[in-house]
Structures are given as structure tokens and as C-alpha cells.
Amino acid sequence: MNVIEGDFTTEAVQGRYAIVVARFNAFVVESLLQGALDALKRHGVAEDSIDVIRVPGAWELPLVVDRAARKDQYDAVIALGAVIRGGTPHFEYVAGECTKGISQASIEHDVPVAFGVLTVDTIEQAVERSGTKAGNKGADAAMSAMEMVSLLKQLHD
């Protein structure tokens, strides 16, 4: 039996990465971005192999993630944002369409897209997931992207 899985050696994770970052809820999202950048750099991804692309909010993420994935210049795309529930149904619309659109981009363009968009009920949950009690979901998304880059390299060989 062969087991094929990605690894995190510097050679395995080399490639070009786009990080698409929503500016809305920046007090949380900037921590996600720092976590993602730190994870990539710690695993040997060169800073000039990373493009940070900023969009207004989570609603705009799918279009730009799709555009980045469509180009042949990125080995993986990392989507970062935060949608925090409020008192209206707005949360459901934004979170649902953001999730669906980002998922479609990955499948349509055969490029790994890591989902680092927080969909939480409270500001406290967002803060916990952006670098405190629950770790940093931006770093987790970057790790997922690197693992997928490594895995797909093995499957193409």
C-alpha cells in the first residue's frame, strides 16, 4: 500500500502563493494575515513568492480568489477574512456566498484554495481564532495550502 501525503520540507512547499485578504474586520483579519505570512516564511517560502491582495470584505473574496486561481501564476491561494454574526440575516448571506464562491474557485481552476475565513457568532470567538486561545486560523490556512502544494506536486510526478 502506498500512502501519498504532503509534507512541509522547504523544497516541497516552494511555489507562488496569493493571500487574498478582506479589509473588513481588520482588527481580526490582520492577525490572520500575520499568522499566514509567518507560517509560510517559517517553512522556507520566499517573501517574493507571496502576493498579498486586499479586497474590501468577505463578500468580495470569491471574485478575487477566482481571478487569482484562474491565472497560472499561483500554486495556491489563501483566502482570509472574518464574518461576525450580527442582529440581521446579513451574516448568513455573506458567509454562505463567500464559502460557496471560494470553494468553486478551487474546483474550477484546479488550484488549492485554503479557507481562512472566520464565520463566528461573536467578536470574542473571532479574537480567539485569530491568535489567542484557539490558535491562528490564518496560519492553519497557510499550512493547508503548503500541504496541498506538496501533495499535488507528488500527484503530478
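Remember, predicted model here, so these are calculated numbers, not experimental data.

What follows covers the packing of helix H2 (residues 26-42) against helix H6 (residues 137-156). As a packed pair, H2 and H6 sit with axes 6 Å apart at the nearest point and diverge in direction by 40 degrees. Comparing their axes, H6 and H2 come out oblique. The interaxial crossing formed by H2 with H6 has right-handed handedness. Contacts between H2 and H6 involve Leu 32, Gly 35, Ala 36, Ala 39 and Leu 40 from the former and Lys 137, Gly 138, Ala 139, Ala 142, Met 143 and Met 146 from the latter. For the contact of H2 with H6, the class distribution of residues is eight nonpolar, two polar and one charged.

It is worth spelling out unusual backbone geometry at this point. The backbone phi angle of Asn 25 is positive, close to 60 degrees, even though this residue is not glycine. In this fold, Asn 25 is placed in the loop between strand E1 (17-22) and H2. What makes Asn 25 buried here is its relative accessible area of 15%. Although it is not a glycine, Asp 110 sits at a positive phi angle of roughly 55 degrees. Residue placement: Asp 110 occurs in the loop between helix H4 (90-109) and strand E4 (113-120). Among the residues examined, Asp 110 registers a relative accessible area of 57% and is labelled exposed.

Turning our attention to the side chain of Ser 150. In this structure, Ser 150 sits in helix H6. A distance of 2.9 Å separates a polar side-chain atom of Ser 150 from the backbone nitrogen of Asp 7. Excluding residues within four positions of it along the chain, Ser 150 makes contact with Gly 6, Asp 7 and Ala 12.

Cut-off values and rules
Residues numbered from 1 in each chain as written. Predicted model: local features only at pLDDT ≥ 70, side-chain atom pairs only at ≥ 80, totals over all residues. Heavy atoms only, no water. Axes fitted to C-alpha atoms, helices over the stretch in contact; angles between N-to-C directions. Helix = DSSP H or I, 4+ residues; strand = E, 2+ residues; numbered from the N terminus. Parallel < 35°, antiparallel > 145°, perpendicular 65-115°, else oblique. Left-handed = near helix turned anticlockwise from the far one by under 90°. Contact = heavy atoms within 4.5 Å. Nonpolar A, V, L, I, M, F, W, Y, C, P; charged D, E, K, R; others polar. Buried < 20%, exposed > 50% of the residue type's maximum accessible area, 1.4 Å probe, protein only. Polar contact = N/O pair within 3.5 Å; in protein donor to acceptor, adjacent residues only side chain to side chain.

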